[in-house]
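Structural overview
So the chains spell out like this:
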Amino acid sequence: MPRLMMVLDPLPVVIDNLPDDFVEMVEVPFPADPSFGTHTVPFTKVVYIECSDFREVDSPKYFRLAPGKAVGLFQVPLPITATSFEKDPKDGRVVCVHAIYGGPEGVAKVKKPKAPIRATVRLFNPLFRSDDPESNPGGWKADINPESEEVLDNAND
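Only a predicted model underlies this, so the values are computations on that prediction, with no experimental measurement involved. (Residues numbered from 1 in each chain as written. Predicted model: local features only at pLDDT ≥ 70, side-chain atom pairs only at ≥ 80, totals over all residues. Heavy atoms only, no water.)

Let us look at the overall build of the protein. Across its full length, the protein holds zero helices and nine strands. Starting at the N terminus and ending at the C terminus, the protein contains elements arranged as β-β-β-β-β-β-β-β-β. The proportion of buried residues among the 157 residues of the protein is 27%. Sequence separation of 24 or more characterises 54% of the internal contacts of the protein that already satisfy a separation of 6 or more. (Helix = DSSP H or I, 4+ residues; strand = E, 2+ residues; numbered from the N terminus. Buried < 20%, exposed > 50% of the residue type's maximum accessible area, 1.4 Å probe, protein only. Contact = heavy atoms within 4.5 Å.)

Rendered as structure tokens:
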């Protein structure tokens, strides 16, 4: 079965030196099984990374995006460099990263991006709160973790 590429905790990265309508289709191989071939994904002015793939302060052993650091995006020809970031004034969480892309040779023809695939993702946490659910005074049913399943659904976005 082919794998899907997902970003479960998205952080937008705005690539400021690309035009608003920039789209470059990037061919991506299926890593686990070459017999599935490849698929194409749009590389646009706004890309999404996992929140955990960005740090406000860089360190020598951190190999992901941070201010002033150049990193490559999977199968994209040139690296991006984070230039600044925006934070939510209420909770201090980073809500957007600004970056620049390689150089003028990286700008390609403009096309309309394809619509994203809608999906439901179920994340499973431990079913029970303890290692021995039978030892719970209320019985094993009282030991069930109410957060054992998280459902992330973008069908209504």
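Our next topic: the side chain of T44. Along the polypeptide, T44 turns up in strand β3 (residues 38-44). Within the local environment of T44, its side chain forms a polar contact with the backbone oxygen of V46, the two atoms lying 2.6 Å apart. (Polar contact = N/O pair within 3.5 Å; in protein donor to acceptor, adjacent residues only side chain to side chain.)

Right, let's get into the nonpolar core. Residues V13, F43, L65 and I80 are the most contacted members of the largest nonpolar core, which totals 24 residues. Of all the elements in the fold, those that place two or more residues in this core are β1 (10-15), β2 (23-29), β3, β4 (46-50), β6 (80-87) and β7 (94-101). Here the element with the most residues in this core is β7; it accounts for four residues. In this structure I80 touches V13, I15, L65, K69, A70, V71, L73, A99, I100 and Y101, once residues within four positions along its chain are discounted. (Core = buried A, V, L, I, M, F, W, Y, C linked by side-chain atoms within 4.5 Å.)

The subject of this paragraph is the pattern of salt bridges. With the rule as written, the count across this model stands at five salt bridges. The residue E56 makes a salt bridge to K87 at a minimum N-O spacing of 3.0 Å. Of the two residues, E56 is situated in the loop between β4 and β5 (70-71) and K87 in strand β6; the sequence distance between them amounts to 31 residues. Given a relative accessible area of 35%, E56 falls into the partly exposed group. (Salt bridge = Lys/Arg side-chain N within 4 Å of Asp/Glu carboxyl O.)

Turning our attention to the sheet that holds β4. Here we have five strands laid out as an open sheet, ordered β4-β1-β7-β6-β5, and mixed in their pairing. Each edge of the sheet is formed by a strand with only one pairing partner; in this case those strands are β4 and β5. Inspection of the sheet shows β5 paired to β6 by two bridges, in the antiparallel sense. For V71, the partnering residue across the bridge sits in β6 and is I80. (Pairing = 2+ DSSP bridges.)

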